Protein chains: 2
Amino acid sequence: MSDLQPVLIAGQWKAAAAADTFQVDNPATKQPLPAQYPISAWQDCDAALDAADEAFQTLSQLPPERIAAFLTRYAELIDANADELCAIANAESGLPVSPRLKDVELPRTSNQLRTAAAAAVERSWKQATIDTKSNIRAYFAPLGPVCVFGPNNFPFAFGGASGGDFAAAIASGNPVIAKANPSCPGTTLALAKLAFQAVQETDLPPATIQLFYHCNYDDGAKLVADPRIGATAYTGSRRAGLVLKEAADKHGKPIYLELSSVNPVVILPGALKERGDKLVDEFTGSCLMGAGQFCTNPGLVLVIDNAESQAFVSDTAAKFAAAPVGTLLTKAVETGLTVALQTLKEAGAEELAGGAAGAGTGYSHANTLLKVDAAKFLTDPLVFQTEAFGNGSLIVVAQDLSEVIAVIDSLEGNLTGCVYSDTQGSDDAAYAQLEPHLRVKVGRLLNDKMPTGVAVSPAMNHGGPFPATGHPAFTAVGIPASLIRFAVLQCFDNVRAARLPAELQDKNPTGKTWRLVDGTWTTGDVAS
Amino acid sequence: MSDLQPVLIAGQWKAAAAADTFQVDNPATKQPLPAQYPISAWQDCDAALDAADEAFQTLSQLPPERIAAFLTRYAELIDANADELCAIANAESGLPVSPRLKDVELPRTSNQLRTAAAAAVERSWKQATIDTKSNIRAYFAPLGPVCVFGPNNFPFAFGGASGGDFAAAIASGNPVIAKANPSCPGTTLALAKLAFQAVQETDLPPATIQLFYHCNYDDGAKLVADPRIGATAYTGSRRAGLVLKEAADKHGKPIYLELSSVNPVVILPGALKERGDKLVDEFTGSCLMGAGQFCTNPGLVLVIDNAESQAFVSDTAAKFAAAPVGTLLTKAVETGLTVALQTLKEAGAEELAGGAAGAGTGYSHANTLLKVDAAKFLTDPLVFQTEAFGNGSLIVVAQDLSEVIAVIDSLEGNLTGCVYSDTQGSDDAAYAQLEPHLRVKVGRLLNDKMPTGVAVSPAMNHGGPFPATGHPAFTAVGIPASLIRFAVLQCFDNVRAARLPAELQDKNPTGKTWRLVDGTWTTGDVAS
């Protein structure tokens, strides 16, 4: 047990109160990596909650420049340690070092932290609202310690100690208790070390960042419902997420979840006629990139039966069969994908390309393309929208547009939905009919573009109706909007001027903070 | 059964699918009013859901001017029928016609509808966000039919078919299924008739407003969890609210609840020394107004023991004893108040003024002032913060500021919290120590002002941490902020210009709509 890794609690790297331990396989070799990680007992959670509660008292009162200094320094440290971080993440996830980890995900992660730092300093995310006539003023303020459960598919950019939820929670003034994803504990540990170094260098409260790796379901549920917690952000499996949601909901604790999504893509006939070959490449690339392990992976493609769609389907099947097979993140992902594809096939989907688990290096599964008629889909839509997380997708062939719409109507909430249409207008009438049905099912609607890229834009919505996420008004990506999840609306009614927070005083605290003053957005001072 | 009142479903006033019927007592006479109301069976809810779903398809696509025309016409009809509405509400609630119903609540109600109409037309509530570089655009869009459960204490201003939730849901483009509070069904019926008249005159979809009066808990839970529902707004008892919350949460349906609040008021020593007599009047007035039946009624007053606070307590007790006793809304309120006060007394609170139920006209209870030491309070804080809804309040006497803070720390979430301090600065140090503790417990912090007035200001927060409400980032009062509760974030990624909603096209749709374009709030067009 000498290799047992420490947890970070209350500013100390220390031995966990461990109920048990676990190891991680290298998914490319299926061999266990040497490090042992503790499965924390409740004592670890309890100690972290106490420390986070105390850290919050300090952190929430600090000027945002202090928080920004931390985020910026942490970003620098991530960039400076890119090689080491990518090596660890590669060993734990099988994701390629280049371009994926080093050239895409790591820069995105440090840039996210810098964007969050800028948002903290600008303070516009607080949506300060001032009614001078009534002398009532309100803004969004930090809400308390945030527990972040990171997923396994973006060890940096969505990681519990480094990703978008972490950046948003810290930038809005809250300490984070990071729960590593148990498939990338070493990556999360390496990041948390850098985060804690930055905490120390910039003199934030020690418990601004805390880390543990694993716990049982009961302790997880207890954690997200604890009075000392402000909110929870969770990205991961639907089953575990719903356990946490039930516990948090019961105690009135906000919890933001990203659970599952099949991301329907509708390809209208004109688009297939105009650029069918290009669409084969575009869809295959989007679906198989990173072995399809994206929350926005296009898992459901709808076409209308005709010669062009038949060609699209058969050409795509050929591409799937010919494409290299990627490594999956974990044995559990391999098993989950295998089971999900089996479920779809047993329900009646036809396998156009595919095979078995183990078709590539390490944990893997043959690239799989399934097909089903819309009429069949509609006999059991819940089963046919089973998420097959990984390099598989289901094509639904409809007889006409009304069948496409019926399938869309049968879907649960999704993160994204796309429509491809031609550029000459022949698909426009179909688009107009289809759009209202698809629009209400998805958080982000795309045209002529696959959903797998999630830009960090102020206008991004990485969210959507349940069960894609837990609440349809919030986004997990996109700064400053993502910060609001970790905030509470605070109103000051007739509070004396000197006692108001800086953002609500007459003088604009930065000269650059957007505030809604008597119905007008302005960066100016309140006229006295 | 000839007097059985109809429900309004799918544009028809019709006989309910009634499982049972109920009547309402006039609380001032304790005599039943003649009308009979149905307790709807599930068929009514089901039919209303179908009709609402259909109405939503139309309503969500209409120009906001059409919705505003409805809200404005409805406001006119309310004003024009003020006498009749007030007579019905008075008979059902015991609230005085003047000034309360006719001069305060009714004008507030029609003004709220007009403010909501203006917000709908301005469209700034949608928070349109445009990222021109990525061509990603997002805004808040209506989320679907809203079920509004109104409370009994504001039959107009918070009523299911007329109040703030109704106005916000409609203004944001959603049809409303109004569930009357079973203590004011006739008032809600009279209002729904006017609303439906306005719907017809302004040619909105008939099911824009629907009405039923009562159902059992199971059907209520089924309703808020139904796939056809967008969200629910509930103001009422904690017990029933938590039943609905559990059902809605389980199905991922947003529910906004206002449940309970004791609204702590801290009166610091300097303020008592400076203006103790004035504070006796101010507190007594706020606490006994409307027989104390406000969600923001000051139910918990904290003072530090000294000669001035002793005088404050005894003078207040004398005022309570001498003040007229108001009529309570219902027998259930009378019983609830009696039981809550008994709970507090049994736990150890001393009765300084009080008596029994029936001390006034009709349903009533003697004005009651209780007192307890902070040390005693802290032995069982959950019991001592039992909400005594009505004309009763608990004074907590602390030995020093640290005891005041300990009591504040022991509180659940509240809608409001107030601090009174002197104008010369002698209380400033205490205020600074106390404020962070109180701030995190309440949605609205007041200085030198009782919490019972809830202005319809864009900066108002009528919300707060659980269990005051269900989510601390949302407010039930304050336009446009209250509209966001009934909205979903929708992102458009690379969507062709002509297919964008008006609010996200380059041209500002009104020339007055605030939009966040590339980080700048503007009412201008996007430069092309």
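Residues numbered from 1 in each chain as written. Chains lettered and ligands numbered in written order. Predicted model: local features only at pLDDT ≥ 70, side-chain atom pairs only at ≥ 80, totals over all residues. Heavy atoms only, no water.

With respect to the pairing of strand β10 (residues 176-179) of chain B
Residues and elements named next belong to chain B.
Thinking step 1. Burial of the side chains of β10 extends over both faces: Val176 and Ala178 are buried on one face and Ile177 and Lys179 on the other.
Thinking step 2. Two elements, strand β9 (residues 146-149) and β10, share four bridges in a ladder whose sense is parallel. Within the sheet, the bridge partner assigned to Val148 lies in β10 and is Ala178.
Thinking step 3. Between the parallel pair β9 and β10, the chain is carried across by helix α5 (residues 164-171), and the sense of this crossover is right-handed.
Thinking step 4. Direction of pairing for β10 relative to strand β11 (residues 209-212): parallel, over a ladder of four bridges. Following the sheet pairing, Ala178 is matched in β11 by Leu211.
Thinking step 5. Since β10 and β11 lie parallel, the crossover through helix α6 (residues 185-201) that links them has a hand, and here it is right-handed. (Buried < 20%, exposed > 50% of the residue type's maximum accessible area, 1.4 Å probe, protein only. Helix = DSSP H or I, 4+ residues; strand = E, 2+ residues; numbered from the N terminus. Pairing = 2+ DSSP bridges. Right-handed = clockwise from strand over helix to strand, strands pointing away.)

Things to note about the nonpolar core
Thinking step 1. Counting residues in hydrophobic clusters, the biggest one holds 308 residues, and the most contacted among them are Phe70(A), Tyr74(A), Leu394(A), Phe70(B), Tyr74(B) and Leu394(B).
Thinking step 2. Beyond its immediate sequence surroundings of up to four residues, Tyr74(A) is in contact with Leu113(A), Ala161(A), Ser162(A), Phe166(A), Leu191(A), Ala192(A), Leu194(A), Ala195(A) and Ala198(A). (Core = buried A, V, L, I, M, F, W, Y, C linked by side-chain atoms within 4.5 Å. Contact = heavy atoms within 4.5 Å.)

Considering the state of the cysteines
Thinking step 1. For the structure on display, the rule yields zero disulfides over all chains.
Thinking step 2. The thiol sulfur of Cys491(A) is not disulfide-bonded, and the nearest other cysteine sulfur, from Cys418(B), lies at 11 Å.
Thinking step 3. Lacking any disulfide linkage, Cys295(B) is separated from the closest cysteine sulfur, that of Cys418(B), by 13 Å. (Disulfide = S-S within 2.5 Å.)

Comments concerning unusual backbone geometry
Thinking step 1. Pro99(A) follows Ser98(A) through a cis peptide bond whose omega is 5 degrees.
Thinking step 2. Following the sequence through the fold, Pro99(A) ends up in helix α4 (residues 97-122).
Thinking step 3. Here Arg123(B), not a glycine, exhibits a phi torsion of approximately 70 degrees, which is positive.
Thinking step 4. Tracing the backbone through its elements, the reader meets Arg123(B) in the loop between α4 (97-122) and β7 (129-131).

A short note on the sheet that holds β7(B)
Thinking step 1. With mixed pairing, twelve strands are arranged side by side in an open sheet as β16(A)-β17(A)-β18(A)-β15(A)-β14(A)-β19(A)-β20(A)-β21(B)-β8(B)-β7(B)-β22(B)-β23(B). Either end of the sheet is taken by a strand with one partner, and the two such strands are β16 (350-353) of chain A together with β23 (520-522) of chain B. If you compare each strand with its neighbour and ignore which way they point, the axes differ by 25 degrees on average.
Thinking step 2. Of the pairings in the sheet, the one linking strand β14 (residues 264-267) of chain A to strand β15 (residues 300-304) of chain A comprises three bridges and is parallel in character. From the neighbouring strand, Val266(A) faces β15(A), where its bridge partner is Leu302(A).
Thinking step 3. Packed on one face of the sheet, helix α10 (residues 307-322) of chain A meets β14, β15, β16, β17 (368-373) and β18 (392-398) of chain A and runs near 155 degrees to β17(A).
Thinking step 4. Lying over the sheet, helix α11 (residues 331-347) of chain A contacts β16, β17 and β18 of chain A, oriented at roughly 30 degrees with respect to β17(A). (Axes fitted to C-alpha atoms, helices over the stretch in contact; angles between N-to-C directions.)

Observations concerning the domain arrangement of chain A
Residue and element names in this part refer to chain A.
Thinking step 1. Considered domain by domain, chain A is made up of domain 1 (60-128 + 139-259 + 469-496) and domain 2 (264-447).
Thinking step 2. Each of domain 1 and domain 2 was reduced to a C-alpha centroid, and the two centroids are 31 Å apart.
Thinking step 3. For the pairing of domain 1 and domain 2, the buried interface totals around 900 Å² over both sides, and the portion due to carbon and sulfur atoms is 56%.
Thinking step 4. Broken down residue by residue, the surface that domain 1 buries against domain 2 is led by Asn152, Asn153 and Glu258, which jointly contribute 39%.
Thinking step 5. Our count for the domain 1 to domain 2 interface comes out at one salt bridge.
Thinking step 6. Of the charged contacts in the structure, one is a salt bridge between Arg238 and Glu412, with a shortest N-O distance of 3.0 Å.
Thinking step 7. In this structure, the connection of domain 1 to domain 2 is made through two residue pairs in polar contact (both at pLDDT 80 or more). (Domains from an automatic or database assignment. Buried area = accessible area lost by both parts, 1.4 Å probe. Salt bridge = Lys/Arg side-chain N within 4 Å of Asp/Glu carboxyl O. Polar contact = N/O pair within 3.5 Å; in protein donor to acceptor, adjacent residues only side chain to side chain.)

Regarding the pattern of salt bridges
Oppositely charged side chains may form a pair once their charged atoms are brought near each other.
All names here are of chain A.
Thinking step 1. Per the counting criterion, the structure on display carries 46 salt bridges over all chains.
Thinking step 2. Arg114 is the salt-bridge partner of Asp79, the closest N and O atoms lying 2.8 Å from each other. With a gap of 35 residues between them, Asp79 in helix α2 (residues 64-80) and Arg114 in helix α4 connect regions that are remote in the sequence.
Thinking step 3. On the basis of relative accessibility, which here comes to 32%, the residue Asp79 falls in the partly exposed class.
Thinking step 4. With relative accessibility at 31%, the residue Arg114 sits in the partly exposed group.

Some details on the interface of chain B and chain A
Thinking step 1. Opposite the 58 residues of chain B that make contact, chain A presents 58 residues.
Thinking step 2. Summed over the shared surface of chain B and chain A, the number is eight salt bridges.
Thinking step 3. Between Arg496(B) and Asp448(A) there is a salt bridge, with the nearest N and O atoms lying 3.0 Å from each other.
Thinking step 4. Our count for the contact surface shared by chain B and chain A stands at 42 residue pairs in polar contact (both at pLDDT 80 or more).
Thinking step 5. Mapped onto the side of chain B that touches chain A, the elements with two or more residues apiece are β7, β8 (136-142), α8 (238-250), α15 (428-439), β20 (442-447), β21 (487-493) and β23 of chain B.
Thinking step 6. Examining the composition of the side of chain B that touches chain A, we find that seven residues originate from one element, β21(B), more than from any other.
Thinking step 7. Looking at chain direction, strand β21 (residues 487-493) of chain A and β20(B) are connected through three bridges and run parallel.

Some points on the UniProt feature "domain: Aldehyde dehydrogenase" (unreviewed entry) in chain A
Thinking step 1. Following the UniProt record, one finds the feature "domain: Aldehyde dehydrogenase" (unreviewed entry) at residues 14-424 of chain A.
Thinking step 2. Between the end C-alpha atoms of residues 14-424 of chain A there is a gap of 64 Å, over a span that is 46% helix and 19% strand. (UniProt positions renumbered as here; feature names shortened; annotations may be inferred.)

Remarks on the sheet that holds strand β22 (residues 515-517) of chain A
Thinking step 1. Read from one edge of the open sheet, twelve strands run β23(A)-β22(A)-β7(A)-β8(A)-β21(A)-β20(B)-β19(B)-β14(B)-β15(B)-β18(B)-β17(B)-β16(B), paired in mixed fashion. The open sheet is flanked by β23 (520-522) of chain A together with β16 (350-353) of chain B, the only strands paired with a single partner. Each strand of the sheet is rotated relative to its neighbour by a mean of 25 degrees, with strand direction disregarded.
Thinking step 2. For strand β7 (residues 129-131) of chain A and strand β8 (residues 136-142) of chain A, the ladder comprises three bridges, and the chain directions are antiparallel. In the strand pairing of β8(A), Asp131(A) is matched with Ile136(A).
Thinking step 3. Its contacts with the sheet put α15(B) on β21 of chain A together with β14 (264-267), β19 (414-420) and β20 of chain B, and the angle it makes with β20(B) is roughly 155 degrees.

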